[in-house]
Amino acid sequence: MDSTRKLEYAWTLAVVALLAAVMFYSTILLYHVDAIPSHIDEYVEVTGHQWYWEFCYPANGTCANVTYNPSNGTTTGGALWVHPGTTVQINVTSLDVIHSFNVPGLGVRIDAIPGRTNNFAFNVPNAAAGTTYLIQCTEFCGTYHGIMRAFVVVT
Ligand SMILES: [Cu+2]
């Protein structure tokens, strides 16, 4: 075997080893990202509607709709209220079409699918007290998809 061929084998094996290592660690990371922690401070039921989000708090039985107003593009009616330093589990579903619950500032993105509940947990940083995070539907869901937004308010 000449030295050029040896080099080709070495490069091929090096690339295969690198890709195998990346796949190994990404698979583990994927499971950790989806895992629900054993301790949850607050549960929020999130329901997508055309074209607003509904937030229900099983702890006290209250719900808030963030309604849309197509005539002037404003939203009213509530927010997703959370406390700093807590772990929040959201159970996300939809009553009409597929929506996507996306909070870029908190690293949350999960689909709202009719007939199915997707669970996701996220941490609210201690330093986030007083912060407001934008929620934007990121699955095109009809005419007013663009104004289907709400806020996570950390109090
Ligand atoms: Cu939508």
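Please refer to the structure placed before this passage.
Anyway, here's the lowdown on the structure attached to this text. Keep in mind that what you see is a predicted model, and the values were worked out from it rather than measured. (Residues numbered from 1 in each chain as written. Predicted model: local features only at pLDDT ≥ 70, side-chain atom pairs only at ≥ 80, totals over all residues. Heavy atoms only, no water.)

**What to know about the sheet that holds strand β10 (residues 132-137)**
This is how the line gets drawn: Note on pairing: two strands pair once DSSP finds at least 2 bridges between them. A run of DSSP states H or I qualifies as a helix once it reaches four residues; a run of E qualifies as a strand once it reaches two. Both are numbered from the N-terminal end. Angles run from 0 to 180 degrees between N-to-C directions of axes, and those axes are lines fitted to C-alpha atoms, restricted for helices to the stretch in contact.
Spatially, the 5 strands line up as an open sheet ordered β5-β11-β10-β7-β8, and their pairing is mixed. The open sheet has two edge strands, β5 (80-82) and β8 (108-112), and neither has a second partner. Neighbour-to-neighbour, the strand axes of this sheet turn through a mean angle of 20°, independent of strand direction. Bridge count between β10 and strand β11 (residues 149-154): 5 bridges; the pairing is antiparallel. Bridging across to β11, Q136 finds its partner in R149.

**Examining the packing of aromatic side chains**
What counts is decided by this rule: Stacked, edge-to-face and tilted are the three classes for Phe, Tyr and Trp ring pairs, Trp counted by its six-membered ring, which pair at centre distances within 6.5 Å; planes under 30 degrees apart are stacked, over 60 edge-to-face, the rest tilted. The cut-offs for exposure are 20% and 50% of the maximum accessible area for each residue type, with area from a 1.4 Å probe on protein chains only; residues under the lower value are buried, those over the upper are exposed, and the others partly exposed.
In the structure shown here, the tally under the stated rule is 4 aromatic pairs. Judged by centre distance (5.1 Å) and plane angle (85°), the ring pair of W53 and F101 falls under edge-to-face. Taken together, the residues W53 in strand β2 (residues 52-57) and F101 in strand β7 (residues 99-103) connect sequence positions 48 residues apart. Take W53 and F101: they sit in the same class, and that class is buried. Between F55 and F101, the aromatic rings sit 6.3 Å apart at their centres with planes inclined by 75°, giving edge-to-face as the arrangement. In this pair, F55 is assigned in strand β2 and F101 in strand β7, connecting sequence segments 46 residues apart. A network of ring pairs unites the aromatic residues W53, F55 and F101 as a single cluster.

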